[in-house]
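# Report on the structure
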Amino acid sequence: MGCAEKEIWVKLISCDEVEEDFGAKIERNGAPPLAVFRLGAEFFVTDDTCTHGEASLCDGEVFPNGEVSCPYHGGTFDIRSGAPCKYPCSVPIKIYKVRVIDGFVWADLEQA
Ligand code: FES
């Protein structure tokens, strides 16, 4: 008996549209929005909504150390791991596997 994980790769956005200082928000029908971040040549995808409140992390600033600040109360998350880094954030944000193919960012939205 196994519960094989099913990978669902979805094309999200052109790499050119993702800035280093701010996340790019991806709205989804019937699901919470995603955030695409860039650190140098690397891309990361997380849930966009802060786990402390209803803030969009794409309205926050991305720092060179890979943390994004929440625009509501200034807590931060590591966009690489989703880990909360600064009070009042204490619950991780969800992160997704990423691939860059032909200049576009894809994420595995992994629905079982
Ligand atoms: S809503 Fe994000 S830190 Fe409070």
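Preceding this section is the structure that the text describes.
Note that the structure is a prediction, hence the values are computed from the model and not measured. (Residues numbered from 1 in each chain as written. Predicted model: local features only at pLDDT ≥ 70, side-chain atom pairs only at ≥ 80, totals over all residues. Heavy atoms only, no water.)

### Observations concerning unusual backbone geometry
Residue P88 follows Y87 across a cis peptide bond; omega there is 10°. Here P88 is to be found in the loop between strand 7 (84–86) and strand 8 (95–101). If you check the backbone angles, D102 has positive phi at about 50° while not being a glycine. (Helix = DSSP H or I, 4+ residues; strand = E, 2+ residues; numbered from the N terminus.)

### Quick word on the pattern of salt bridges
Scanning the entire structure with this criterion turns up 6 salt bridges. Across the pair K97 and E7 runs a salt bridge whose closest N-O atoms are separated by 2.8 Å. Remark: E7 occurs in the segment before strand 1 (9–14) and K97 occurs in strand 8; sequence separation between them is 90 residues. In this structure, D48 and K25 form a salt bridge, with 3.7 Å as the shortest nitrogen-oxygen distance. Note that D48 is positioned in the loop between strand 4 (42–47) and strand 5 (67–69) and K25 in strand 2 (residues 24–28), a separation of 23 residues in sequence. On the accessibility criterion, D48 (1% relative accessible area) is buried. The network of salt bridges with shared partners includes E7, K97 and D108. (Salt bridge = Lys/Arg side-chain N within 4 Å of Asp/Glu carboxyl O. Buried < 20%, exposed > 50% of the residue type's maximum accessible area, 1.4 Å probe, protein only.)

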